[in-house]
Amino acid sequence: MAEGKVDPVHQFTIETLFGTDHWSIGGYNIAFTNSSLWMAITTVVLLVFVAGGAKRELVPGRWQMAVEGLTGFVDNLLQANIGKAGRKYLPYVFSLFGFILFANMLGLLPLALVGVHPFTATSHFTVTGVLAIMSFAIVLGVGFAKHGFHFFSLFVPHGTPVPMIPIIFPIELISFMVRPFSLGLRLFVAMMAGHVLLEVLSGFVISGTNAGVGTFFLAAVPSFVLMIGICALELLVAGIQAYVFALLTCVYLNDAENLH
Amino acid sequence: MPQIEQLATTYSSQVFWLLVFFGIVFFVIGRGMLPKVVSTMDGRDKQIADDLAAAEAARAAADAEEEAWRVQANKQRAEAQAVIAAAKADAAKATDAKLATASARIDETVTAAEARIAAARAAALGEVEGVAAEAAQDIASRLAGLSIPAAEAQAAVKGVLANG
């Protein structure tokens, strides 16, 4: 009897592929792992998607419509949060949104049915953290380049009474410095939680089915039904988390662009 | 949790490959393809706006044309009515003139006829005088055997007729 022993976090294990363990630059290991592979797949799929829609036709086909819809969505996001000046961030925010969205979605594909294990790169805080730090670095760069040391006035909201400034300033500064962590961790936690939940439920289904008819109906069937719902929810979360990441990047960029 | 357990051994690889692939996404898609998509969208939006403006202009032109046509039509109608009125007036005037000449001619004819009638009556009266004088001569010669001269008889008849 195949005991359904499911390790819910095994799916996040990084494995080196193609015997590239020894690859390194300056002493740092850069082995090509399953995580790297799925980032590559994300890149290729996104590349194919956008390339297929960049046909520049006056009357768009379905594919072009889809790509233009996604572009227009990010463009509107920038317009709404930053205004006219938001256009110049479109390449970065679109890349961010597209990369996260496609990575999330690809990680949810039921490819295990054909023996391939999808890996969600965005369920690793190493990855989301780098993306968050990148966004934060751009915000800092833009802020200081545009406003110089006046950028620190961001930490003193309008109308703050002078005696309150010594208290408000550190609070605002801390809330500002926490941004990259909250940005990166939010995506990582949402992705990981969803995948762990699906794994745990599938573990219930397997164990329940193996343990007999009673537990099949009591535990396995309800878990399976719940899994279907949560799969739909996870698709939603995949989109929402990509949106939230892009949206918060826009909001932070707005702070840097316009202060407040 | 592999994310933490494997952190030390995999972080450099994770960061490196993320930067590689996100870099590809940013430079190839974000910088390379996206401007084309955006310019296509902007071009389309502009074309639609231009077409709408052109349609609006064409509509305004059509409205102006119609207005001008209406003014023209009204003017021509007024002109036509003026021509009709003038023609009517002319016709009435011509009719009056014709009627006047016709009545003048009739008057003339009537006057001439009356003159002829008066002459005829006078002639007839003259003849009656002559016949009466002859008759009186004849009666006087027969009854009284008097032979009265014609001039006397005539004078007597004239006196009677005049007193008549």
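This one's a predicted model, so the numbers in the text were calculated from it and none came from an experiment.

Reading the values: rules and limits
- The written sequence of each chain sets the order in which its residues are numbered from 1.
- Numbering of ligands from 1 and lettering of chains from A proceed in the order in which they are written.
- This being a predicted model, a pLDDT of at least 70 is required before a residue's local features are given, and a value of 80 or more before pairs of side-chain atoms are given or counted; all residues contribute to the totals for chains, interfaces and linings.
- Note that water and hydrogens are dropped before the side-chain values are worked out from all heavy atoms of the structure.
- Numbering of helices and strands runs from the N terminus; a helix is a DSSP stretch of H or I covering at least four residues, while a strand is a stretch of E covering at least two.
- In this description the radius of gyration comes from C-alpha coordinates, and the expected globular size is given by 2.2 Å times residues to the power 0.38.
- Burial classes: relative accessible area under 20% of the type maximum marks a residue as buried, over 50% as exposed, and values in between as partly exposed (1.4 Å probe, protein chains only).
- The protein chains shown are the only cover counted for residues, whose accessible areas, like all others here, come from Shrake-Rupley with a 1.4 Å probe.
- Under the convention used here, Asp and Glu are negative, Lys and Arg are positive, and both His and the chain ends fall outside the count.
- Every charge is mapped onto a representative atom, which is NZ of Lys, CZ of Arg, CG of Asp or CD of Glu.
- By this rule, a helix spans an expected 1.5 Å times one less than how many residues it contains.
- One axis is fitted to the seven residues ending at the residue and one to the seven starting there. The bend at that residue is the angle between these axes.
- The contact criterion used is simple: two residues touch if any of their non-hydrogen atoms lie within 4.5 Å.
- Throughout, buried area stands for the accessible area (probe radius 1.4 Å) lost by two parts on being put together, summed over both.
- In the sections that follow, a salt bridge refers to a side-chain nitrogen of Lys or Arg positioned within 4 Å of a carboxyl oxygen of Asp or Glu.
- Polar contact is defined as a pair of N or O atoms within 3.5 Å, subject to the rule that within protein one atom must be able to donate a hydrogen and the other to accept it, and that residues adjacent in sequence are counted only when both atoms are side-chain atoms.
- When residues are sorted by character, Ala, Val, Leu, Ile, Met, Phe, Trp, Tyr, Cys and Pro go into the nonpolar class, Asp, Glu, Lys and Arg into the charged class, and all the rest, Gly among them, into the polar class.
- The rule is short: rings of Phe, Tyr and Trp, with Trp giving its six-membered ring, pair when the centres are within 6.5 Å, and they are stacked under 30 degrees, edge-to-face over 60, tilted in between.
- The criterion is simple. A nonpolar core is a set of buried Ala, Val, Leu, Ile, Met, Phe, Trp, Tyr and Cys residues joined through side-chain atoms within 4.5 Å.
- UniProt positions are given in the numbering used here, feature names are shortened, and annotations may be inferred rather than shown by experiment.
- What pLDDT reports is the predictor's confidence in each residue, on a scale of 0 through 100.
- Between N-to-C directions, angles cover 0 to 180 degrees, with each direction set by a line fitted to C-alpha atoms, over the stretch in contact for helices.
- Two helices cross in a left-handed way if the nearer one is turned anticlockwise from the farther one by less than a right angle. They cross in a right-handed way if the turn is clockwise.

S.K.: Would you take a moment to explain the overall build of chain B for this structure?
M.R.: Looking only at helices and strands, chain B features three helices and zero strands. Taken from the N to the C terminus, the helices and strands of chain B come in the order α-α-α. Against the compact-globule benchmark of 15 Å for 164 residues, chain B has a radius of gyration of 64 Å, which places it well outside the compact range. Considering only C-alpha atoms, chain B reaches an extent of 195 × 30 × 20 Å along its principal axes. Residues classed as buried in chain B amount to 17% of the 164 residues present. As presented, chain B carries roughly 11700 Å² of accessible surface, and 65% of it is formed by carbon and sulfur atoms. Taken together, the 16 basic and 21 acidic charged side chains of chain B have centroids lying 4 Å from each other.

S.K.: Looking at this structure, how should I read helix 5 (residues 165–211) of chain A?
M.R.: Because an α-helix packs 3.6 residues into every turn, residues spaced three or four apart end up facing the same way. All names here are of chain A. The end-to-end C-alpha distance of helix 5, which contains 47 residues, comes to 64 Å, matching closely the 69 Å that a straight helix rising 1.5 Å per residue would cover. Helix geometry: helix 5 is bent most strongly at Arg179, by close to 35°, with proline Pro180 lying one to four residues after it. Immediately beyond the C-terminal end of helix 5, within one or two residues, lies Gly212, with a positive phi of roughly 135°.

S.K.: Teacher, can you tell me more about the interface of chain B and chain A here?
M.R.: Frequently, the measure chosen for interface size is the accessible area removed from exposure when the parts meet. At the junction of the two partners, chain B supplies 37 residues and chain A supplies 49 residues. Of all residues in chain B, Gln3(B), Gln14(B) and Phe22(B) give up the largest surface area on contact with chain A, accounting jointly for 18% of the area buried on that side. Counting across the interface, chain B meets chain A through two salt bridges. Linking Arg44(B) and Glu68(A) is a salt bridge whose minimum nitrogen-to-oxygen distance equals 2.8 Å. Here chain B is connected to chain A by six residue pairs in polar contact (both at pLDDT 80 or more). Here the element with the most residues in the side of chain B that touches chain A is helix 2 (residues 7–144) of chain B; it accounts for 32 residues. Split into classes, the residues belonging to the side of chain B that touches chain A amount to 22 nonpolar, 11 polar and four charged.

S.K.: How should I be thinking about the packing of aromatic side chains in this particular structure?
M.R.: To describe a pair of aromatic rings, you give the distance between the ring centres and the angle between the ring planes. Residue and element names in this part refer to chain A. Summed over the entire model, instances satisfying the criterion amount to 20 aromatic pairs over all chains. Judged by centre distance (6.2 Å) and plane angle (10°), the ring pair of Phe149 and Phe152 falls under stacked. For Phe152, a relative accessible area of 31% translates into the label partly exposed. With centroids separated by 5.1 Å and ring planes inclined at 65°, the aromatic side chains of Phe155 and Phe176 adopt a geometry described as edge-to-face. Of this pair, Phe155 sits in the loop between helix 4 (125–147) and helix 5 while Phe176 sits in helix 5, and the two are 21 residues apart along the sequence. Owing to a relative accessible area of 3%, Phe155 belongs among the buried residues under this scheme. Taken together, Phe136, Phe144, Phe149, Phe151, Phe152, Phe155, Phe169 and Phe176 form an aromatic cluster joined through their ring pairs.

S.K.: What's the story with the nonpolar core in this structure? I'm lost.
M.R.: Generally speaking, soluble globular proteins have nonpolar side chains that are buried together. By size, the foremost hydrophobic cluster in this structure holds 62 residues, and its most contacted members are Met39(A), Val50(A), Leu78(A), Val93(A), Phe245(A), Leu18(B) and Phe22(B). Only helix 1 (34–53), helix 2 (62–81), helix 3 (90–108), helix 4, helix 5 and helix 6 (213–258) of chain A together with helix 2 of chain B provide two or more residues apiece to this core. Looking at this core, the element that brings in the most residues is helix 2 of chain B, giving 12 residues. Ignoring any residue separated from it by four or fewer positions in sequence, one finds Met39(A) in contact with Phe99(A), Ala121(A), Val127(A), Gln14(B), Trp17(B), Leu18(B) and Phe21(B). Membership of the second largest hydrophobic core comes to seven residues, among which are Leu108(A), Leu201(A), Met227(A) and Ala238(A).

S.K.: What am I meant to see in the UniProt feature "transmembrane region" (unreviewed entry) in chain B here?
M.R.: When the UniProt feature table is mapped onto this chain, "transmembrane region" (unreviewed entry) is found at residues 15–34 of chain B. In residues 15–34 of chain B, helix accounts for 100% and strand for 0%; the two terminal C-alpha atoms are 25 Å from one another.

S.K.: Can you help me understand the confidence of the model for chain B in this one?
M.R.: Where the model shows low pLDDT, its predicted coordinates should not be examined in detail. For chain B, the average pLDDT comes to 89, and 99% of its residues sit at 70 or higher. Element-level mean pLDDT values for chain B span from 77 in helix 1 (residues 2–5) of chain B up to 91 in helix 2 of chain B.

S.K.: Help me out: how do you make sense of the UniProt feature "transmembrane region" (unreviewed entry) in chain A in this one?
M.R.: Residues and elements named next belong to chain A. On the UniProt side, "transmembrane region" (unreviewed entry) is annotated at positions that read residues 36–54, 89–113, 125–144, 151–171, 183–206 and 213–230 here. Split by type, residues 36–54 is 95% helix and 0% strand. Its first and last C-alpha atoms lie 26 Å apart. Secondary structure content for residues 183–206 is 100% helix and 0% strand, while the C-alpha to C-alpha distance between its ends is 35 Å.

S.K.: Sorry if this is basic, but what is going on with helix 3 of chain A here?
M.R.: Taking 1.5 Å per residue as the helical rise, helix 3 of chain A with its 19 residues ought to reach 27 Å, and the 27 Å between its terminal C-alpha atoms agrees with that figure. Judged by how many residues are buried, helix 3 of chain A sits mostly within the fold: 18 of 19 residues are covered.

S.K.: What am I meant to see in the packing of helix 2 of chain A against helix 6 of chain A here?
M.R.: Axis angle and axis distance: for two packed helices, these are the angle between their axes and the distance between the axes, and together they describe the pair. All names here are of chain A. Where helix 2 meets helix 6, the axes come as close as 9 Å, and the angle between the chain directions of the two elements is 35°. Seen from above, helix 2 lies across helix 6 with right-handed handedness. Of the residues in helix 6, those in contact with Phe73, Leu77, Leu78 and Asn81 of helix 2 are Tyr243, Ala246, Leu247, Cys250, Val251 and Asn254. For the contact of helix 2 with helix 6, a count of residues per class yields eight nonpolar, two polar and no charged.

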